[in-house]
Amino acid sequence: MSRNFGLERTLFFGLTVVALGTVLRAQGSAGGLLAGMFLVGSGVAIGNVLLPSLIKRDFPSQIGLMTGMYVTVMNVFAGLGSGISVPLAQSAKLGWRGSLAIWVFLALLGMVSWLPHLSRRNNSGSIGGRAFWGSSVAWQITLFMGLQSLLFYANIAWLPTLLNERGLSLSHAGWVVSLVQIISLPGTFIMPILAQRQRTQHSLTAATALLFLIGYVGLLMTASPTWSILWVIFIGFGNGVSISLALAFFSLRTRNHQNAGQISGMAQSVGYLLAATGPITIGYLHAATHAWTWPLIILMGVVGLVALTGFGASRDIFIDADEEVEIPEASL
(Lines give C-alpha, C1' and ligand atoms only; values in the text may rest on other atoms or scores of the structure.)
Protein backbone atom coordinates (compact mmCIF):
# COMPACT_ATOMS: atom_id res chain seq x y z
CA MET A 1 0.00 0.00 0.00
CA SER A 2 2.71 2.48 0.97
CA ARG A 3 4.51 2.19 -2.39
CA ASN A 4 1.53 3.50 -4.37
CA PHE A 5 -0.15 5.62 -1.72
CA GLY A 6 2.97 7.31 -0.38
CA LEU A 7 4.72 6.87 2.95
CA GLU A 8 3.30 10.07 4.43
CA ARG A 9 -0.26 9.36 3.37
CA THR A 10 -0.08 5.78 4.60
CA LEU A 11 1.10 6.92 8.02
CA PHE A 12 -1.71 9.49 8.10
CA PHE A 13 -4.14 6.75 7.16
CA GLY A 14 -2.81 4.66 10.05
CA LEU A 15 -3.41 7.54 12.48
CA THR A 16 -6.93 7.95 11.10
CA VAL A 17 -7.63 4.26 11.68
CA VAL A 18 -6.37 4.57 15.27
CA ALA A 19 -8.63 7.57 15.87
CA LEU A 20 -11.69 5.83 14.44
CA GLY A 21 -10.97 2.67 16.42
CA THR A 22 -10.50 4.64 19.64
CA VAL A 23 -13.90 6.28 19.22
CA LEU A 24 -15.59 3.03 18.23
CA ARG A 25 -14.32 1.00 21.18
CA ALA A 26 -15.73 3.59 23.59
CA GLN A 27 -19.30 3.29 22.26
CA GLY A 28 -20.30 0.72 24.85
CA SER A 29 -21.23 -2.43 22.95
CA ALA A 30 -19.12 -5.59 22.98
CA GLY A 31 -19.04 -5.55 19.18
CA GLY A 32 -17.89 -1.95 19.12
CA LEU A 33 -15.19 -2.71 21.67
CA LEU A 34 -13.83 -5.62 19.64
CA ALA A 35 -14.08 -3.80 16.31
CA GLY A 36 -12.44 -0.72 17.80
CA MET A 37 -9.60 -2.78 19.23
CA PHE A 38 -9.09 -4.36 15.80
CA LEU A 39 -8.91 -0.94 14.13
CA VAL A 40 -6.57 0.47 16.77
CA GLY A 41 -4.29 -2.55 16.43
CA SER A 42 -4.32 -2.25 12.63
CA GLY A 43 -3.46 1.44 12.73
CA VAL A 44 -0.67 0.90 15.22
CA ALA A 45 0.70 -1.91 13.04
CA ILE A 46 0.88 0.46 10.06
CA GLY A 47 2.90 2.95 12.08
CA ASN A 48 5.17 0.28 13.58
CA VAL A 49 6.06 -1.05 10.15
CA LEU A 50 6.62 2.30 8.42
CA LEU A 51 8.35 4.40 11.08
CA PRO A 52 11.71 2.59 10.69
CA SER A 53 11.43 3.34 6.95
CA LEU A 54 10.75 7.02 7.72
CA ILE A 55 13.79 7.19 10.00
CA LYS A 56 15.95 5.58 7.31
CA ARG A 57 14.77 8.14 4.73
CA ASP A 58 14.83 11.36 6.72
CA PHE A 59 17.64 10.70 9.22
CA PRO A 60 20.12 8.40 7.42
CA SER A 61 23.07 9.66 9.49
CA GLN A 62 21.14 9.57 12.78
CA ILE A 63 19.44 6.18 12.59
CA GLY A 64 20.61 5.12 16.05
CA LEU A 65 19.58 8.35 17.78
CA MET A 66 16.17 8.57 16.13
CA THR A 67 15.42 4.86 16.62
CA GLY A 68 16.33 5.18 20.29
CA MET A 69 14.08 8.22 20.68
CA TYR A 70 11.22 6.52 18.82
CA VAL A 71 11.30 3.33 20.89
CA THR A 72 11.78 5.19 24.18
CA VAL A 73 8.88 7.59 23.58
CA MET A 74 6.72 4.68 22.42
CA ASN A 75 7.42 2.78 25.64
CA VAL A 76 6.85 5.86 27.83
CA PHE A 77 3.43 6.57 26.33
CA ALA A 78 2.47 2.90 26.44
CA GLY A 79 3.25 2.88 30.15
CA LEU A 80 1.46 6.20 30.61
CA GLY A 81 -1.68 4.85 28.98
CA SER A 82 -1.67 1.76 31.18
CA GLY A 83 -0.94 3.74 34.31
CA ILE A 84 -3.51 6.53 34.14
CA SER A 85 -6.47 4.96 32.31
CA VAL A 86 -7.95 3.56 35.53
CA PRO A 87 -7.44 6.81 37.52
CA LEU A 88 -9.10 8.71 34.65
CA ALA A 89 -12.06 6.36 34.83
CA GLN A 90 -12.39 6.44 38.62
CA SER A 91 -10.85 9.57 40.14
CA ALA A 92 -11.66 11.86 37.21
CA LYS A 93 -15.20 10.43 37.04
CA LEU A 94 -14.92 9.75 33.31
CA GLY A 95 -16.04 6.14 33.52
CA TRP A 96 -14.47 3.43 31.39
CA ARG A 97 -15.98 4.81 28.17
CA GLY A 98 -14.58 8.27 28.76
CA SER A 99 -11.24 6.82 29.81
CA LEU A 100 -11.03 4.95 26.51
CA ALA A 101 -12.36 7.81 24.39
CA ILE A 102 -10.03 10.50 25.74
CA TRP A 103 -7.05 8.93 24.01
CA VAL A 104 -8.50 9.93 20.64
CA PHE A 105 -7.01 13.38 21.24
CA LEU A 106 -3.50 11.95 20.94
CA ALA A 107 -4.41 10.38 17.59
CA LEU A 108 -5.94 13.66 16.43
CA LEU A 109 -2.84 15.56 17.57
CA GLY A 110 -0.70 13.19 15.53
CA MET A 111 -2.92 13.67 12.48
CA VAL A 112 -2.77 17.47 12.73
CA SER A 113 1.02 17.46 13.16
CA TRP A 114 1.36 15.18 10.14
CA LEU A 115 -0.79 17.27 7.74
CA PRO A 116 2.11 19.45 6.43
CA HIS A 117 3.94 16.31 5.26
CA LEU A 118 1.16 14.86 3.10
CA SER A 119 2.27 16.60 -0.09
CA ARG A 120 5.79 15.15 0.02
CA ARG A 121 6.70 12.47 -2.51
CA ASN A 122 9.76 10.27 -2.75
CA ASN A 123 10.31 8.01 -5.72
CA SER A 124 13.65 6.37 -4.93
CA GLY A 125 13.83 2.75 -5.90
CA SER A 126 13.30 -0.34 -3.84
CA ILE A 127 13.66 -4.05 -4.35
CA GLY A 128 10.79 -6.44 -4.70
CA GLY A 129 9.31 -7.77 -1.49
CA ARG A 130 9.88 -11.36 -2.60
CA ALA A 131 13.64 -10.84 -2.50
CA PHE A 132 13.62 -10.52 1.26
CA TRP A 133 11.88 -13.86 1.73
CA GLY A 134 14.87 -15.54 0.09
CA SER A 135 17.51 -13.73 2.15
CA SER A 136 19.10 -15.49 5.10
CA VAL A 137 19.84 -12.15 6.77
CA ALA A 138 16.22 -11.04 6.41
CA TRP A 139 15.11 -14.24 8.09
CA GLN A 140 17.67 -13.83 10.86
CA ILE A 141 16.38 -10.31 11.52
CA THR A 142 12.81 -11.62 11.45
CA LEU A 143 13.55 -14.43 13.89
CA PHE A 144 15.51 -12.12 16.17
CA MET A 145 12.54 -9.75 16.20
CA GLY A 146 10.10 -12.56 16.91
CA LEU A 147 12.14 -14.37 19.54
CA GLN A 148 12.95 -11.28 21.59
CA SER A 149 9.27 -10.31 21.38
CA LEU A 150 8.36 -13.82 22.56
CA LEU A 151 10.52 -13.27 25.64
CA PHE A 152 8.89 -9.90 26.26
CA TYR A 153 5.32 -11.19 26.04
CA ALA A 154 6.12 -14.24 28.16
CA ASN A 155 7.77 -12.01 30.77
CA ILE A 156 4.89 -9.53 30.92
CA ALA A 157 2.37 -12.36 31.18
CA TRP A 158 4.07 -14.59 33.76
CA LEU A 159 6.75 -12.76 35.76
CA PRO A 160 4.12 -11.17 38.04
CA THR A 161 2.73 -14.64 38.75
CA LEU A 162 6.20 -16.01 39.46
CA LEU A 163 6.96 -13.15 41.87
CA ASN A 164 3.57 -13.63 43.51
CA GLU A 165 4.27 -17.30 44.14
CA ARG A 166 7.59 -16.30 45.71
CA GLY A 167 6.01 -14.05 48.32
CA LEU A 168 5.07 -10.74 46.72
CA SER A 169 1.45 -9.62 46.53
CA LEU A 170 0.05 -9.74 43.01
CA SER A 171 -0.31 -5.95 42.85
CA HIS A 172 3.26 -5.48 44.14
CA ALA A 173 4.56 -7.99 41.60
CA GLY A 174 2.78 -6.15 38.79
CA TRP A 175 4.27 -2.84 39.88
CA VAL A 176 7.75 -4.40 39.99
CA VAL A 177 7.46 -5.56 36.38
CA SER A 178 6.15 -2.14 35.31
CA LEU A 179 8.91 -0.31 37.20
CA VAL A 180 11.54 -2.50 35.57
CA GLN A 181 10.30 -1.36 32.15
CA ILE A 182 10.82 2.26 33.21
CA ILE A 183 14.28 1.57 34.64
CA SER A 184 15.32 -0.07 31.36
CA LEU A 185 14.49 3.02 29.23
CA PRO A 186 18.08 4.39 29.21
CA GLY A 187 19.29 1.09 27.73
CA THR A 188 16.46 1.17 25.20
CA PHE A 189 17.56 4.63 24.09
CA ILE A 190 21.31 3.98 23.97
CA MET A 191 21.33 0.59 22.22
CA PRO A 192 20.52 1.82 18.64
CA ILE A 193 23.09 4.61 18.99
CA LEU A 194 25.78 2.09 19.86
CA ALA A 195 24.57 -0.21 17.08
CA GLN A 196 25.01 2.46 14.40
CA ARG A 197 28.53 3.24 15.56
CA GLN A 198 29.75 -0.33 15.08
CA ARG A 199 30.42 -2.18 11.84
CA THR A 200 28.93 -5.31 13.37
CA GLN A 201 26.64 -5.64 16.35
CA HIS A 202 27.92 -8.98 17.62
CA SER A 203 29.05 -7.60 20.98
CA LEU A 204 25.70 -5.88 21.49
CA THR A 205 23.83 -9.08 20.66
CA ALA A 206 26.00 -10.98 23.14
CA ALA A 207 25.38 -8.36 25.85
CA THR A 208 21.63 -8.55 25.21
CA ALA A 209 21.59 -12.34 25.49
CA LEU A 210 23.75 -12.17 28.62
CA LEU A 211 21.26 -9.86 30.37
CA PHE A 212 18.44 -12.32 29.71
CA LEU A 213 20.57 -15.31 30.68
CA ILE A 214 21.68 -13.83 34.00
CA GLY A 215 18.06 -13.10 34.86
CA TYR A 216 16.67 -16.52 33.98
CA VAL A 217 19.52 -18.46 35.57
CA GLY A 218 19.13 -16.35 38.71
CA LEU A 219 15.40 -17.09 38.88
CA LEU A 220 16.12 -20.78 38.39
CA MET A 221 18.78 -20.92 41.10
CA THR A 222 17.04 -19.00 43.88
CA ALA A 223 13.44 -18.52 45.02
CA SER A 224 14.14 -15.60 47.35
CA PRO A 225 11.70 -12.73 46.61
CA THR A 226 14.42 -10.09 47.05
CA TRP A 227 16.85 -11.84 44.73
CA SER A 228 14.01 -12.59 42.29
CA ILE A 229 13.37 -8.85 41.92
CA LEU A 230 17.06 -8.35 41.05
CA TRP A 231 16.91 -11.07 38.40
CA VAL A 232 13.75 -9.53 36.94
CA ILE A 233 15.64 -6.24 36.59
CA PHE A 234 18.25 -7.99 34.42
CA ILE A 235 15.46 -9.47 32.31
CA GLY A 236 13.81 -6.07 32.00
CA PHE A 237 17.00 -4.51 30.68
CA GLY A 238 17.27 -7.37 28.21
CA ASN A 239 13.76 -6.63 26.99
CA GLY A 240 14.52 -2.93 26.62
CA VAL A 241 17.73 -3.24 24.62
CA SER A 242 16.58 -6.16 22.46
CA ILE A 243 13.55 -4.41 20.93
CA SER A 244 15.52 -1.29 20.03
CA LEU A 245 18.32 -3.40 18.54
CA ALA A 246 15.78 -5.36 16.48
CA LEU A 247 14.25 -2.15 15.09
CA ALA A 248 17.72 -0.74 14.35
CA PHE A 249 18.52 -3.80 12.21
CA PHE A 250 15.77 -2.79 9.75
CA SER A 251 17.73 0.32 8.78
CA LEU A 252 21.28 -0.89 9.37
CA ARG A 253 20.94 -3.87 7.01
CA THR A 254 19.21 -2.04 4.11
CA ARG A 255 20.29 0.56 1.56
CA ASN A 256 17.18 2.75 1.33
CA HIS A 257 13.99 3.50 3.21
CA GLN A 258 11.74 1.40 0.96
CA ASN A 259 13.83 -1.67 1.70
CA ALA A 260 13.78 -0.80 5.40
CA GLY A 261 9.99 -0.74 5.17
CA GLN A 262 9.95 -4.11 3.41
CA ILE A 263 12.07 -5.85 6.02
CA SER A 264 10.12 -4.10 8.78
CA GLY A 265 6.86 -5.51 7.41
CA MET A 266 8.30 -9.00 7.05
CA ALA A 267 9.97 -9.06 10.46
CA GLN A 268 7.02 -7.66 12.38
CA SER A 269 4.30 -9.72 10.71
CA VAL A 270 6.10 -13.07 11.02
CA GLY A 271 7.88 -12.08 14.23
CA TYR A 272 4.78 -11.19 16.20
CA LEU A 273 3.03 -14.38 15.10
CA LEU A 274 5.98 -16.28 16.55
CA ALA A 275 5.94 -14.12 19.68
CA ALA A 276 2.27 -14.91 20.34
CA THR A 277 3.21 -18.51 21.15
CA GLY A 278 5.33 -17.44 24.13
CA PRO A 279 2.75 -16.73 26.86
CA ILE A 280 0.67 -19.77 25.88
CA THR A 281 3.65 -22.13 25.95
CA ILE A 282 5.01 -20.86 29.26
CA GLY A 283 1.55 -20.93 30.82
CA TYR A 284 0.97 -24.51 29.66
CA LEU A 285 4.33 -25.69 31.01
CA HIS A 286 3.73 -24.03 34.38
CA ALA A 287 0.24 -25.52 34.64
CA ALA A 288 1.49 -28.98 33.65
CA THR A 289 4.48 -29.07 36.00
CA HIS A 290 3.25 -26.78 38.82
CA ALA A 291 6.75 -25.29 38.90
CA TRP A 292 8.90 -22.76 37.07
CA THR A 293 11.86 -25.01 36.28
CA TRP A 294 10.86 -26.07 32.77
CA PRO A 295 9.40 -22.69 31.77
CA LEU A 296 12.68 -21.01 32.73
CA ILE A 297 14.73 -23.67 30.94
CA ILE A 298 12.66 -23.14 27.78
CA LEU A 299 13.13 -19.37 28.06
CA MET A 300 16.89 -19.88 28.35
CA GLY A 301 16.73 -21.96 25.19
CA VAL A 302 14.96 -19.08 23.46
CA VAL A 303 17.75 -16.77 24.64
CA GLY A 304 20.22 -19.06 22.86
CA LEU A 305 18.20 -18.70 19.66
CA VAL A 306 18.08 -14.92 20.15
CA ALA A 307 21.88 -14.90 20.32
CA LEU A 308 22.20 -17.16 17.27
CA THR A 309 19.85 -15.15 15.05
CA GLY A 310 21.21 -11.87 16.41
CA PHE A 311 24.76 -12.82 15.43
CA GLY A 312 23.53 -13.52 11.90
CA ALA A 313 21.64 -10.24 11.74
CA SER A 314 24.71 -8.39 13.07
CA ARG A 315 26.91 -9.25 10.08
CA ASP A 316 28.50 -6.37 8.19
CA ILE A 317 26.31 -6.65 5.08
CA PHE A 318 23.34 -5.08 3.32
CA ILE A 319 20.37 -7.00 2.00
CA ASP A 320 20.38 -6.09 -1.69
CA ALA A 321 17.98 -7.55 -4.26
CA ASP A 322 18.42 -11.32 -4.41
CA GLU A 323 21.78 -11.47 -2.74
CA GLU A 324 23.59 -10.35 0.38
CA VAL A 325 26.37 -7.91 -0.44
CA GLU A 326 29.35 -7.01 1.70
CA ILE A 327 29.27 -3.36 2.80
CA PRO A 328 32.13 -1.48 1.08
CA GLU A 329 34.65 0.08 3.44
CA ALA A 330 34.25 3.47 1.74
CA SER A 331 30.52 3.59 2.43
CA LEU A 332 31.01 3.78 6.20
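What comes next is a walk through the structure.

Criteria and cut-off values
Residues numbered from 1 in each chain as written. Predicted model: local features only at pLDDT ≥ 70, side-chain atom pairs only at ≥ 80, totals over all residues. Heavy atoms only, no water. Helix = DSSP H or I, 4+ residues; strand = E, 2+ residues; numbered from the N terminus. Axes fitted to C-alpha atoms, helices over the stretch in contact; angles between N-to-C directions. Parallel < 35°, antiparallel > 145°, perpendicular 65-115°, else oblique. Left-handed = near helix turned anticlockwise from the far one by under 90°. Contact = heavy atoms within 4.5 Å. Nonpolar A, V, L, I, M, F, W, Y, C, P; charged D, E, K, R; others polar. 1 Å grid on protein atoms, 1.4 Å probe; cavity = no way out; pocket = protein on both sides within 12 Å on 5 of 7 lines; lining within 4 Å. Points joined across faces, edges and corners; volume = space filled by probe spheres on them.

### Focus on the environment of F144
With respect to the element layout, F144 can be found in helix α8 (residues 136-165). Separated by 165 residues in sequence, F144 and T309 place their C-alpha atoms 5.4 Å apart.

### What about the packing of α8 against helix α11 (residues 202-221)?
One can describe the packing of α8 onto α11 by two numbers: an axis separation of 14 Å at closest approach and a directional angle of 30 degrees. Regarding the angle of α8 to α11, the classification is roughly parallel. Crossing of α8 against α11: the hand is left-handed. Contacts from L151, N155, L159 and L162 of α8 reach α11 at F212, Y216 and L219. Within the contact of α8 with α11, the residues separate by chemical class into 6 nonpolar, 1 polar and no charged.

### Some details on empty space enclosed by the protein
Within the structure shown, the criterion is met by 2 cavities of 30 Å³ or more. Taken as a whole, the largest cavity encloses approximately 70 Å³ of empty space. Residue assignment for the lining of the largest cavity shows that the elements contributing at least two residues are α8, α9 (170-183) and α12 (225-252). In terms of residue class, the lining of the largest cavity is made up of 7 nonpolar, 4 polar and no charged. Quantified by volume, the second largest cavity comes out at close to 60 Å³. Contributing to the lining of the second largest cavity are A154, N155, W158, L159, L162, I282, W292, L296 and L299. Of all the elements in the fold, those that place two or more residues in the lining of the second largest cavity are α8 and α15 (293-313).

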